[in-house]
Amino acid sequence: MTNPQADYDSPWKEALEIYFTDFMAFFFPQAYADIYWSQGYEFLDTELQQVVRDAELGRRRVDKLVKVWRQNGEETWVLIHIEVQSKVDANFAERMYVYNYRLFDRYRRQVASLAVLADEQVSWRPQSYGYEIWGARVSLRFPTVKLLDYEAQWQSLEQSTNPFAVIIMAHLKAQATRRNPEGRLEWKLSLVRGLYERGYSRENILELFRLIEWMMVLPEELQFGFEETLSRYEEERRMPFITPIERRGIRKGIVQNSRENVIEVLETRFETVPSSIAESINNLEDSAVLKQLLKRAITISSLEEFQQAIAQLTSQEESETA
């Protein structure tokens, strides 16, 4: 028995949108201290999507562009990039540079590029891009944080009330238990129990539970045991924060988000998606199939090929369950 393929991109994207101030405070405290939070902030998804499409550098699901104001009153754009992959990407630093200068060129705004490296390669730590020719030099340096470094700070993560401490732990343990379903079950139960013990509000418990559920996917037979154990724990503690109906709703919401991600990538690459393809995607219930289609959407050369990929993957699923 192996674990279903985990989705890291979507929960990180959601976490950034829900807990942006906590994200900046946890990972980039110097920048956090310089931002005038009372002025608010604004996500600039349309602006970033246009730059990504023009740059023709492929799909980058966890990029976020946010408008903030500094303590001195200046408007600044913050480009957040989270790289979630299992191997080194030789083009990562160049991509950071390209996004930065394209945003400045198009909108004439100062852009702070920040990166979170969520891969599993200890030595891969890109921090700059540049080149020099005939005395002319261009370069970009960008702050990065490496999630693997937090393995050595596990006790601090357990004591922190910042939501991203929980998200980091879920991410690292999802990676570590990829081929160990029973181990993932134990860590998932431990992390969810910890939500109750940290003093979070019911709203935060529900949000973080949803993100953990998204990252730490279990085989169906173990998921059933997880839900039974959690129900007993809530009864013993008299803390019925997550009802069975809410759990089912969360799982349905994860599938719906996976559908939307596939359609969004296709729209980014091909601008419009035929209603027949959108309907086929929205009829899918298997998150593993949707994950495969998301990968195909990134690299497929045409919508016709993508339609064939849907038919191929769904027929495989039907034959496996027959």
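The structure under discussion appears in the preceding block.
Since we're looking at a predicted model, the values are computed, not measured.

Caption draft 1: A look at the overall build of the protein. Counting its secondary structure elements, the protein contains 14 helices and seven strands. Looking at the protein as a whole, 48% of its 322 residues qualify as buried. Counting contacts in the protein only where the partners sit at least 6 residues apart, residues at least 24 apart contribute 71% of the total. In the structure as shown, the protein presents an accessible area of about 16300 Å², 46% of it carried by carbon and sulfur atoms.

Caption draft 2: Highlighting helix 2 (residues 20-27). Looking only at helix 2, the buried set comprises Phe20, Phe23, Met24, Phe26 and Phe27. One face of helix 2 carries all of its buried residues, which in axial projection span an arc of 170°.

Caption draft 3: Spatial organisation of the packing of aromatic side chains. Inspection of the entire model under this criterion finds 22 aromatic pairs. Considering the side-chain rings of Trp12 and Phe27, the 6.4 Å spacing of their centres and the 45° angle between planes classify their relative orientation as tilted. On the criterion of sequence distance, the pair formed by Trp12 in helix 1 (residues 9-18) and Phe27 in helix 2 is long-range, its members being 15 residues apart. In this pair, the class of Trp12 matches that of Phe27, namely buried. With 5.6 Å between their ring centres and 35° between their planes, Phe26 and Tyr150 make a pair best called tilted. You can see Phe26 sitting in helix 2 and its partner Tyr150 sitting in the loop between strand 7 (144-146) and helix 6 (154-159), a full 124 residues away along the chain. Of the aromatic side chains, those joined through ring pairs into one cluster are Trp12, Phe23, Phe26, Phe27, Phe28, Tyr150 and Phe164. Above the face of the Trp154 ring, Lys173 is positioned so that its terminal group lies 4.8 Å from the ring centre. Stacked on the ring of Phe226, the Lys or Arg Lys188 has its end atom at 4.5 Å from the ring centre.

Caption draft 4: Fine view of the pattern of salt bridges. Taken as a whole, this structure holds 16 salt bridges when the rule is applied. The partner of Arg95 in a salt bridge is Asp89, and the shortest N-O contact between them spans 3.0 Å. As far as burial versus exposure is concerned, Arg95 and Asp89 are alike and both buried.

Caption draft 5: Representation of the nonpolar core within the structure. Within the largest apolar cluster, 57 residues are counted, with the highest numbers of intra-cluster contacts made by Trp12, Phe23, Phe27, Ile80, Ile82, Leu147 and Phe164. A per-element tally of this core places helix 7 (residues 163-176) first, with nine residues. Each residue touching Phe23, except ones within four places of it in the same chain, is listed here: Leu16, Phe28, Ile80, Ile82, Val116 and Phe164. Grouped together as the second largest cluster of nonpolar side chains are 21 residues, Val262, Ile277, Leu290 and Leu294 included.

Caption draft 6: Representation of the pairing of strand 5 (residues 128-133). Both strand 5 and strand 6 (residues 136-141) contribute to a ladder of six bridges, which runs antiparallel. What sits directly across from Glu132, in strand 6, is Arg137. The antiparallel pairing of strand 5 with strand 6 creates a hairpin that spans two residues between the two strands, and Trp134 there sits at a positive phi of about 55°.

Caption draft 7: Examining helix 9 (residues 202-215) more closely. A rise of 1.5 Å per residue sets the reference length of helix 9, with its 14 residues, at 20 Å; its end C-alpha atoms lie 20 Å apart and thus fit the reference within 8%. When you tally the buried positions in helix 9, you get 10 out of 14 residues, the bulk of the element. Ile205, Leu206, Leu208, Phe209, Arg210, Leu211, Ile212, Glu213, Trp214 and Met215 are the residues of helix 9 that are buried.

Caption draft 8: Expanded view of the packing of helix 1 against helix 2. Where helix 1 contacts helix 2, the two axes come as close as 5 Å, and the packing angle between them is 100°. Between helix 1 and helix 2, the angle is such that the two are roughly perpendicular. Across from Trp12, Ala15, Leu16 and Ile18 in helix 1, the residues of helix 2 making contact are Phe20, Phe23 and Phe27. A breakdown of the residues in the contact of helix 1 with helix 2 according to their chemical character gives seven nonpolar, no polar and no charged.

Caption draft 9: Structural context of unusual backbone geometry. You will see that Arg108, though not glycine, has its phi angle at about 55°, which is positive. For Arg108, the position within the fold is in the loop between helix 5 (92-107) and strand 4 (111-117). The phi dihedral of Glu271 is positive, around 70°, even though this residue is not glycine. Tracing the backbone shows Glu271 in the loop between helix 11 (244-270) and helix 12 (275-282).

Caption draft 10: View of the environment of Ser10. Tracing the sequence through the fold places Ser10 in helix 1. The exposure class assigned to Ser10 is buried, which follows from its relative accessible area of 5%. Remark: the alpha-carbon pair of Ser10 and Leu211, spanning 201 residues in sequence, is separated by 8.9 Å. Ignoring any residue separated from it by four or fewer positions in sequence, one finds Ser10 in contact with Trp214, Asn257 and Asn261.

Criteria and cut-off values
Residues numbered from 1 in each chain as written. Predicted model: local features only at pLDDT ≥ 70, side-chain atom pairs only at ≥ 80, totals over all residues. Heavy atoms only, no water. Helix = DSSP H or I, 4+ residues; strand = E, 2+ residues; numbered from the N terminus. Buried < 20%, exposed > 50% of the residue type's maximum accessible area, 1.4 Å probe, protein only. Contact = heavy atoms within 4.5 Å. Areas by Shrake-Rupley, 256 points an atom, 1.4 Å probe, with all protein chains shown as cover. Arc of directions from axis to C-beta. Phe/Tyr/Trp six-rings, centres within 6.5 Å; stacked < 30°, edge-to-face > 60°. Lys NZ or Arg CZ within 6 Å of the ring centre and 35° of its normal. Salt bridge = Lys/Arg side-chain N within 4 Å of Asp/Glu carboxyl O. Core = buried A, V, L, I, M, F, W, Y, C linked by side-chain atoms within 4.5 Å. Pairing = 2+ DSSP bridges. Expected span 1.5 Å × (residues − 1). Axes fitted to C-alpha atoms, helices over the stretch in contact; angles between N-to-C directions. Parallel < 35°, antiparallel > 145°, perpendicular 65-115°, else oblique. Nonpolar A, V, L, I, M, F, W, Y, C, P; charged D, E, K, R; others polar.

Function cannot be read off these values alone, since they describe shape.
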